[in-house]
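Spelled out, the chains give:
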Number of protein chains: 2
Amino acid sequence: MLSRTSHDRMANAIRFLAMDAVEAANSGHPGLPMGAADIATVLFTKVLKYDPTRPFWPDRDRFVLSAGHGSMLLYSVLHLAGYEKVTIEEIKRFRKLGSLTPGHPENFVTEGIETTTGPLGQGIATAVGMAMAERALAARFGKDVVDHHTFVLCSDGDLMEGISQEAADLAGHLKLSKLIVMWDDNGISIDGATSISGSTDQLARFAASGWATTRIDGHDPDAILAALTAAKASDRPTLIACRTVIGFGSPKKAGSEKVHGSPLGADEIAATRAALGWEAAPFEIPADVLAGWRAAGAAGSAARAAWEARLAAAPEADRAEFERRIAGTLPQALEGAIVAVKQKAVADGGAVATRKSSELVLDFITPVVPEMLGGSADLTGSNNTKAKGAKAITPDDFAGSFVHWGVREHGMAAAMNGITLHKGLIPFSGGFLVFSDYCRPSIRLAALMGERVIHVLTHDSIGLGEDGPTHQPVEHLAALRAIPNLLVMRPADTVETAECWQIALQSEGRPSALILSRQNLPILRTDATAENRSAGGAYEIVAASAKAQASLFATGSEVSLAVEAAKLLEAQGVPTRVVSIPSFELFLERPAAERAKVIGDAPAKVAVEAAIRMGWDAIVGSDAAFVGMTSFGASAPGKDLFAHFGLTPDKVAAKALDQLRQV
Amino acid sequence: MLSRTSHDRMANAIRFLAMDAVEAANSGHPGLPMGAADIATVLFTKVLKYDPTRPFWPDRDRFVLSAGHGSMLLYSVLHLAGYEKVTIEEIKRFRKLGSLTPGHPENFVTEGIETTTGPLGQGIATAVGMAMAERALAARFGKDVVDHHTFVLCSDGDLMEGISQEAADLAGHLKLSKLIVMWDDNGISIDGATSISGSTDQLARFAASGWATTRIDGHDPDAILAALTAAKASDRPTLIACRTVIGFGSPKKAGSEKVHGSPLGADEIAATRAALGWEAAPFEIPADVLAGWRAAGAAGSAARAAWEARLAAAPEADRAEFERRIAGTLPQALEGAIVAVKQKAVADGGAVATRKSSELVLDFITPVVPEMLGGSADLTGSNNTKAKGAKAITPDDFAGSFVHWGVREHGMAAAMNGITLHKGLIPFSGGFLVFSDYCRPSIRLAALMGERVIHVLTHDSIGLGEDGPTHQPVEHLAALRAIPNLLVMRPADTVETAECWQIALQSEGRPSALILSRQNLPILRTDATAENRSAGGAYEIVAASAKAQASLFATGSEVSLAVEAAKLLEAQGVPTRVVSIPSFELFLERPAAERAKVIGDAPAKVAVEAAIRMGWDAIVGSDAAFVGMTSFGASAPGKDLFAHFGLTPDKVAAKALDQLRQV
C-alpha cells in the first residue's frame, strides 16, 4: 500500500499538471482531473496492467476515459507513468495546434490513449466492445494469450446519455465480468447540481441490468483499491460509484460547477497550492513524486515480458494467427473467395436483393476470414448478416461469430468501435439504413479514428415499401456521405456487393457503410474476375451503341432502372451509356482527368438515385438532370412508390430527351 | 365491468381486423395487435378520456402507440370506437398508397393518432413531452381547463433503445404522475426471445428512476383495469408490465417471433378463427360488438361537453389566451419585439457571438410570447437559451419557462416533439451543433410531422476552438440541410439572428435549427426595420462598387469573413459583392428567376462556409469555387484553426482572382 503521504503527493501531481495546463491553455476542464486524481493514482500505480514502453502490447489492460473532457487527467498520468512521447513540453502545449495533448483524448494522436472520447456516453459503450473482444479472443486463443481487464472512468454526463443504458444492458447480459466502470460521482454537471435534472439511482439501475455495484469514497485510496480488487474478482461487470469532490483541493471552487470547464485563475491556483501543500512550480514535478510514478509505470514490464514468453510458447499456428489478427492483415484466401462468389452469382443469374447478395458474400468469406464478428440490431433475418453456420455468442460462450445486439443501434455501433480498437476482430453490423441516425455519433467517431468497422445498412430507400416514411431513408445517403473518411458504398448487384465487401475489408484505415436493397435487383455484371471494378468508385457498366448522346448515372437499385432507361433511349435512336457509381468517396479520390473520362461528354447527363440530390453535383455537375426524391416517402408497396415518385425508366429517359432538346 | 364474454369479443374484433388487414396488405405486424388487444380494449372502453367526434379536443387523454409497427391495433380501435374517417374501407386499404392507414401510425395522416411512431423508443419519449406540456399548461390555466393523462403502449424494443432511459430519467425526476406506460411484455423480439439479447429487470430499472411499477397478466381485463386505476392515483409515473402472448389466439404462431411482422396466412387465420370462436367474415364486425365499441366511444362526449362548459366559465382573458395558444397563433407583439432587438443591436454595435445574439433576442421576445418553453441539454451557459428572468421548471413547480434537460439530447428532442404535438407551447432547446447527431431521429420525426420545434445549436464550426474534432461540426450543416422540411438557419449577426428567430416562430408547419457561433462576430446589418431580409433565404448584404466582377457567398460566421475578402478584392480593383445566405431552404423555395438575380452574373463566384461543400452546388452551381472544410477539425484556438484550414479573407480573395484569371 502506498503511504497516504506518498499517494497524496502522486495524486496532487495530476491535479497540478491539470490545473497548470488548463491555465496555460486558458481553456479546458480542471474539475475532473482534480476530483478523480486519487482514483487514477490507485488505478495506474496498483491495479492497471500496462507498460509505458509498449503502448500497444496486446494483452495490456485497457483504460477508457469516457469523460473525455477530463483529458488532462490522462495526459498527466501518461506523462508521470513514463509514456515517453507525452513530454512535459507536450503538456505545456495542451490544446495547441499539432500537440499530442488535444482538448479531448484522441487515440490516433497520442500513444497510450485507447479511444477517442468527448461525446458523452461513447467511452463506456466503446469499452463494452473492448471487453467483448477480450472474451472472444480469449475463447479462441486461451487465457495464456488473452487475459486482461477493461477499466472505464465515467462522469455523471456519461450516465445521463441513453447509450449508457444500451451499454449496461449488453455488458450485464453478456456477463462481461472483466469490465469495471468507475463513476466519478461528483454530483455536478455543467448546469449545476445533477439533482436539478435527474434523480435516478444509478447503482440500482446498473444492478437491474446484472451488474455488481458498490459505492466508495473516491478520495480514499484504500477504498479505491479494495473496490477494484473486488471488482476484478466479480463474475459480473462492476460499477463503482466513487463519491468525489469536483475540483478537489480548490478552496473556493471545489464542489461547484465553476471548476468544471474553465481555468481556475492564478489566485485560486495559488490558494490550491497552499491548501494542498504543493510547492513545486508550474509544470515541475518533485523528484520523489516523479520517481514514484516512474517506478509504478516500469513495474508493468515484467507482466509484459511474462506474456511475451507465454505467447512464444504457444503453438506456432496459434501464435502466427494471433499476430496476424492483431496486425490487422487479411488472409490471402479472401481474394479467391470474392472471385468465387462473383462466379456463383453470374452462374446463378436471376434477381436478388443486395441484402441477400451480401449474405451470399458472407457465406463465402467468413470461413476464410475468421476474425469477422457479425451481428444485427434485432433484424437478423432482414439484414442477412448471419452467415451460414455462424453461431451467436452467448453470455457463457464467446466462441461464436455473431452478436444479437438487440434493438440497440447506438450501443452496437460504439461497441463495434471498441472491438476494432481492441484489435483482433473485424466487426460488422446489421441495421436498417434509416436507423443509422440512431448510431451516427459512433459512426462519426469511427471515421474520425480511422477504424475498420463495417455497417451493413439494408432497406435503403422507398423500395422497402409498406413500412412507410419512418422507415424509408431519403436523406441518409447524403448524410452518411457527408461524414469525412467514411466509405459509403451502394452496390447494384451481387457482383458489386462482393466487390464492395472486399473494399470494406481492405480499408483498414476507415469505416464503411454498405447500403443494400430490400427488393430484388437483376444481375447486371457478368464478369467475374479478380478485377474489382467498384474500387474506382464509378465505371461504365453499359456502353452506348455509338458515340454517346446521353450518360445515365446511378447507384444501387437505380442502376438497373438506368439500364432500362438506356434501352428506351437507344430504341429511340439515342446512343446511351450507363455509369454505375458504387462509391462517391472512391470516385472523388481519383485524379480529375480520370473522373472526367468516366463522366464523359455526352450532351445529356441524368443522375438517378432514390434519395435526395445533395452530394450528386460533386459527381455529375449541377448542369446534370436528376431523378430522385425531394420529400419523405410514403407507405405503399415499393413498386407503387417508385411510380408515384417518378422513379421510372420512362421519366429518366424523358429527362435525357429534355436535356438533348435544350442543347 | 365488461362481462368477460363481451370483453373477449370486443378484443377479438381488434385481433381479426388486424389479422385480416395484414393478410390483405400481404405485409404488416399482426403479433402486437393480437397480443395487446385486451389492453387496448380496457383502455379505450373503460379508462381513456376521448371523443371520436372531436379528435382534437384539447383536454383529451393522449394515447401513444410507441410500438408503431402495431399500427393495426390503433386503426382497429379508432374504427371500432367511431372515428368516422377511419372507415372499414380504409382498413382494407392498410399500407396502400394514399390510405389513412399507413404502415406505421402517422398523426399528419390520420385523425386520432397523436404522434408518428415506428422508430423505436420515440413514442415513450415523445409522451414524456406531452405529459410535461400538460403539467405546464395546468400550472398556467388550472385544472378546470387542463387535466388529462398520457398513456403509452410500448414494446420490448422501445425499452431496449437508450432513449427510453433518458425518457424514464426525465419523467421520474419531474414526477410526471399522469404518465402511464403499459409495456407489452411478450418476451419476443424480431430475432426471437428477448432473452437472447438482454437480461435487464425493466421494473427495477424504472423503479431506480422514481417510477411506480407493477406487473400484471395483460390478458386479464380486471387486472388491466385495476392497474390503470392504481396508476392514475399514483404520485409518480407508472410502468405496467403487461405479460402478454404475442399473436394471442393463433394456434401455431402465438408466442413466437413468426407472428411479429408477417401475415399469418389463410390457414392459420382460419385456425385462429376457430380457436377464438370468431365467425364473422373478414372485415365484418358482429353488430353487438360494434355497438359495444361505439357506445364506449360515444361515452366520452359527456366529459368533453363538461370541459367545454368549464372553459366557457373561465375568465375571458384566460379562455382567449388558452384558445390562442392551442391554435398556435403568435401574439401580435412579437413583431415589435423583433424590431426592438434589431434596433438595440444596431445601436450597441460591437462584436458578439450569435449565441449571445440569440440570448438577446430571447430577452426581448419571451416576455411577449409566453408559450415559449426553453431549455438546454446541460449547456445552459454555453447555449444562452435561458432568457433573462426565465425560471426553470422543477418536479413540484411547472410554472417556469425553462427545462434543465440534463445530458439527454435525444430525450430532449423527442419530448420537444411531444410538447408541440400537445399544443399550447413552443419548445426550443439548446445543444451543441455536433451533438445534433445524438437526437437526429427525433429531429427527423419533427420534420416528417411538420411540427414547430426550434433547436438552438451553438458552437457551430471549428470556430469553437480547443475542444477539438469531437466537438467541431464539419458535416452537420449538410446533414441537417439534407432532412426534408427542416429549416436550417445560420445567421451572420444579431440582426439576422433576430430575423431567423422570427422565421422559426412563424413557421408553424416545420421545425427549425438555429445554427449559432461560439465566437464573436461583428455586426454587419445596420438596418433595423420590420422588413425580414433573411426570409428570402439569401440577399446581397454588401454591394459591389461597380458592376460586380466577383460574388462572394457565405453563411453565419463566414459572412464577415467574406466581407473582409471583398474589401481586399475591391482594394485590388475588383468590384465585389457579398451575399449572405441565412437559409438554403428558404432560398431554394423561391422562383428560379429571383434566385438567379440574387446569385448574379459576376464572372467569379466563391462560396465560403466553415463546413463541407456538400449542398452548396444547389445554391451557387458546381462551377463556383468553395472555401471550406474537407476533413475533421483539430484542437487549437479557433483563430489558429481558421488560418490552418485556409479559411481566411486572403484565401477567399485569391480564389476569386483565380476564377477571374480562368475566365
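Residues numbered from 1 in each chain as written. Chains lettered and ligands numbered in written order. Predicted model: local features only at pLDDT ≥ 70, side-chain atom pairs only at ≥ 80, totals over all residues. Heavy atoms only, no water.

1. Regarding the overall build of chain A
Here is the rule: Comment: elements are numbered from the N terminus, with helices defined as DSSP H or I runs of at least four residues and strands as E runs of at least two. Here the globule rule is a power law, 2.2 Å times the number of residues to the power 0.38, and the radius of gyration is based on C-alpha atoms. Whether two residues are in contact is decided by their heavy atoms, any of which lying within 4.5 Å being enough. Residue exposure ignores everything except the shown protein chains as possible cover, and the areas themselves are Shrake-Rupley values with a 1.4 Å probe. The sign given to each residue is positive for Lys and Arg and negative for Asp and Glu; His and the chain ends receive no count. Taken as the charge location is NZ of Lys, CZ of Arg, CG of Asp or CD of Glu.
The helix and strand tally for chain A stands at 26 helices and 20 strands. Taken over the C-alpha trace, chain A has a radius of gyration of 28 Å; the compact-globule value for 663 residues is 26 Å, and the two agree within 12%. Each principal axis of the C-alpha distribution contributes one length, and for chain A these read about 90 × 55 × 45 Å. Long-range contacts, defined as pairs at least 24 residues apart, comprise 79% of the intrachain contacts of chain A with a sequence gap of at least 6. Accessible surface, chain A: about 19,900 Å² in total, of which carbon and sulfur atoms supply 53%. In chain A, 63 positive and 75 negative side-chain charges are present, and the distance between their average locations comes to 2 Å.

2. Some thoughts on the sheet that holds strand 1 (residues 62–65) of chain B
What holds strands together in a sheet is hydrogen bonding between their backbones, with the strands either parallel or antiparallel. Residues and elements named next belong to chain B. Operational definition: For two strands to pair, DSSP has to find at least two bridges joining them. The axes are straight lines fitted to the C-alpha atoms, using for helices just the contacting stretch, and the angles between their N-to-C directions are given from 0 to 180°.
Strand order in this open sheet of five strands is 1-2-3-7-6, and the pairing throughout is parallel. Edge strands, defined here as strands with exactly one partner in the open sheet, are strand 1 and strand 6 (212–217). Adjacent strand axes in the sheet meet at a mean angle of 20°, parallel and antiparallel pairs treated alike. Strand direction decides the pairing type here: strand 1 and strand 2 (residues 150–154), joined by four bridges, are parallel.

3. Description of the UniProt feature "binding site: Mg(2+)" (unreviewed entry) in chain A
Residues and elements named next belong to chain A. What counts is decided by this rule: UniProt positions are given in the numbering used here, feature names are shortened, and annotations may be inferred rather than shown by experiment. Type-normalised accessible area, obtained with a 1.4 Å probe on protein chains alone, sets the label of each residue: buried when under 20%, exposed when over 50%, and partly exposed for intermediate values.
The residues that UniProt annotates with the feature "binding site: Mg(2+)" (unreviewed entry) are D156, N186 and I188. Spatially, the listed residues are clustered: although they cover 33 residues, their C-alpha atoms lie within 7.6 Å of one another. Relative to the helices and strands, D156 is located in helix 6 (residues 156–160). Relative accessible area serves as the criterion here: at 8%, D156 is assigned to the buried category. The contact partners of D156, leaving out residues within four places of it in the chain, are W183, D184, D185, N186, G187, I188 and T194. Looking at N186, the relative accessible area reads 12%, which means it is buried. Leaving out residues up to four positions away in the same chain, N186 has contacts with D156, R243, T244 and I246.

4. Quick notes on the side chain of S429 of chain A
Residue and element names in this part refer to chain A. By secondary structure assignment, the location of S429 is in strand 11 (residues 426–432). Residue S429 is classed as buried on the basis of its relative accessible area, which comes to 1%. The contacts of S429, once residues within four sequence positions are left out, are G375, T385, M412, M416, I454, H455 and V456.

5. Brief notes about the relation of the copies chain A and chain B
Short version of the rule: Each copy is superposed on the other by least squares, with the fit set by C-alpha atoms of residues at a pLDDT of at least 70 in both.
Each copy of the sequence occupies a distinct position, and chain A is placed on chain B by a rotation of 180° and an axial shift of 0.0 Å, giving an RMSD of 0.0 Å. Both copies of the chain, as the preceding transformation shows, are related through a two-fold rotation axis. Within chain A, the C-alpha atom positioned nearest to the axis of rotation is that of G162 of chain A, 1.9 Å from it. In this assembly, 100% of the residues forming the interface of chain A have copies in chain B that are likewise at the interface, indicating an isologous arrangement.

6. Considerations on the pairing of strand 9 (residues 372–376) of chain A
All names here are of chain A. Counting buried residues in strand 9 gives five out of five residues, a clear majority hidden from the surface. Burial along strand 9 is two-sided: the residues M372, G374 and S376 and L373 and G375 are all buried. Of the pairings in the sheet, the one linking strand 9 to strand 11 comprises two bridges and is parallel in character. When the bridges of strand 11 are listed, M372 appears paired with I426. For strand 9 and strand 10 (residues 402–404), the ladder comprises three bridges, and the chain directions are parallel. Counterpart to S376 in the pairing with strand 10 is H404.

7. Some details on the nonpolar core
The criterion, for reference: Throughout this description, the term nonpolar core refers to a set of buried Ala, Val, Leu, Ile, Met, Phe, Trp, Tyr and Cys residues connected via side-chain atoms within 4.5 Å.
One finds L552 and L647 of chain A together with L552 and L647 of chain B to be the most contacted residues of the largest nonpolar core, which totals 74 residues. The contact partners of L647 of chain B, leaving out residues within four places of it in the chain, are I462, L561, V608, E609, A610, V627, G628, M629 and F642 of chain B.

8. Re the domain arrangement of chain A
Residues and elements named next belong to chain A. How we decide: Domain start and end points were adopted from an automatic or database domain assignment. Two parts placed together each lose some accessible area; with a 1.4 Å probe, that loss summed over both constitutes the buried area. In the sections that follow, a salt bridge refers to a side-chain nitrogen of Lys or Arg positioned within 4 Å of a carboxyl oxygen of Asp or Glu. Under this definition, polar contacts are N or O atom pairs within 3.5 Å; protein pairs additionally need one hydrogen-donor-capable and one acceptor-capable atom, and for neighbouring residues in sequence, both atoms have to be side-chain atoms.
Domain parsing of chain A yields domain 1 (4–306), domain 2 (332–522) and domain 3 (539–661). When each unit is reduced to the centre of its C-alpha atoms, the spacing between domain 1 and domain 2 is 34 Å. On the domain 2 side, the residues contacting the 28 residues of domain 1 number 29 residues. Carbon and sulfur atoms make up 70% of the area that domain 1 and domain 2 hide from each other, which totals about 2,400 Å². The interface formed by domain 1 and domain 2 includes two salt bridges. D169 serves as the salt-bridge partner of R408, at 3.3 Å between the closest nitrogen and oxygen. On inspection of domain 1 and its partner domain 2, the count reaches nine residue pairs in polar contact (both at pLDDT 80 or more). Broken down by secondary-structure element, the contributors of at least two residues to the side of domain 1 that touches domain 2 are helix 5 (122–141) and helix 7 (163–173).

9. Topic: the packing of aromatic side chains
Condition: Only the six-membered ring of Trp is used, alongside the rings of Phe and Tyr, when aromatic pairs are assigned; centres must lie within 6.5 Å, and planes under 30 degrees apart are stacked while those over 60 apart are edge-to-face, with the rest tilted. Put simply, a charge is over a ring when the Lys NZ or the Arg CZ is close to the ring centre, within 6 Å, and near the line of the ring normal, within 35 degrees.
Following the criterion strictly, the structure yields 28 aromatic pairs over all chains and no others. Between the aromatic rings of Y50 of chain B and Y83 of chain B, the centroid separation amounts to 6.3 Å while the plane-to-plane angle is 5°, which identifies the pairing as stacked. With Y50 of chain B in the loop between helix 2 (31–47) and strand 1 and Y83 of chain B in the loop between helix 3 (71–81) and helix 4 (88–92), this residue pair connects regions lying 33 residues apart in the sequence. Residue Y50 of chain B is classed as buried on the basis of its relative accessible area, which comes to 3%. Here F206 of chain B and W211 of chain B contribute two aromatic rings whose centre-to-centre distance is 4.9 Å and whose plane-to-plane angle is 90°, an arrangement assigned as edge-to-face. In this structure an aromatic cluster arises from ring pairing among F44, Y50, F63 and Y83 of chain A. Note that R481 of chain A overlies the ring of F584 of chain A, its terminal NZ or CZ placed 3.6 Å from the centroid.

10. Regarding the UniProt feature "binding site: thiamine diphosphate" (unreviewed entry) in chain A
Residue and element names in this part refer to chain A. This chain's UniProt record puts "binding site: thiamine diphosphate" (unreviewed entry) on H69, G118, P119, L120, G157, N186, H260 and F435. Spanning 367 residues, the annotated positions stay apart in the fold, the maximum distance between their C-alpha atoms being 34.3 Å. Summarising the element assignment, H69 is placed in the loop between strand 1 (62–65) and helix 3 (71–81). Contacts of H69, omitting those with residues within four sequence positions, involve H29, L32, H104, L120, S155 and H260. With respect to the secondary-structure elements, L120 resides in the loop between helix 4 (88–92) and helix 5. Accessibility expressed as a relative area gives 15% for L120, which makes it buried.

11. With respect to the packing of helix 7 (residues 163–173) of chain B against helix 17 (residues 409–422) of chain B
All names here are of chain B. Our working definition: Our angle categories are set so that under 35 degrees counts as roughly parallel, over 145 as roughly antiparallel, 65 to 115 as roughly perpendicular, and the remainder as oblique. Throughout this entry, Asp, Glu, Lys and Arg are counted as charged residues, while Ala, Val, Leu, Ile, Met, Phe, Trp, Tyr, Cys and Pro are counted as nonpolar. The remaining residues, Gly among them, count as polar.
Axis separation between helix 7 and helix 17 bottoms out at 8 Å; the angle between their running directions is 70°. Compared by their axis directions, helix 7 and helix 17 come out roughly perpendicular. Mapping the contact onto sequence places I163, E166 and L170 in helix 7 and E409, H410, G411 and A414 in helix 17. Of the residues assigned to the contact of helix 7 with helix 17, the class counts are three nonpolar, two polar and two charged.

12. Some remarks on the environment of M130 of chain A
Residue and element names in this part refer to chain A. Within the secondary structure, M130 is located in helix 5. For M130, a relative accessible area of 1% gives the class buried. It is 9.8 Å that separates the C-alpha atoms of M130 and V64, two residues lying 66 residues apart in sequence. Sequence-distant contacts of M130, defined by excluding residues within four places in its chain, comprise R62, V64, E114, T115, T150, G418, I419, L421 and H422.

13. Examining unusual backbone geometry
Residue and element names in this part refer to chain A. Even without being glycine, H459 reaches a positive phi, approximately 60°. With respect to the helices and strands, H459 occurs in the loop between strand 12 (454–458) and helix 19 (476–481). The exposure class assigned to H459 is buried, which follows from its relative accessible area of 5%.

14. Re the side chain of H219 of chain B
All names here are of chain B. Tracing the backbone shows H219 in the loop between strand 6 and helix 9 (221–233). We classify H219 as buried; its relative accessible area is 10%. In this structure the side chain of H219 is engaged in a polar contact, spanning 2.9 Å, whose partner is the backbone nitrogen of V245. When residues no more than four places from it in sequence are discounted, the contact partners of H219 are R4, R15, G35, D38, R243, T244, V245 and F248.

15. Considering helix 21 (residues 557–571) of chain B
Residue and element names in this part refer to chain B. Formally: To estimate how far a helix should extend, the number of its residues minus one is multiplied by 1.5 Å.
In this model, helix 21 (15 residues) spans 22 Å end to end at C-alpha, consistent with the 21 Å of a helix rising 1.5 Å per residue. Where helix 21 is concerned, the buried positions are S557, E558, V559, S560, L561, A562, V563, A565, A566 and L569. In the stretch just after helix 21, G573 is the one whose phi turns positive, near 85°.

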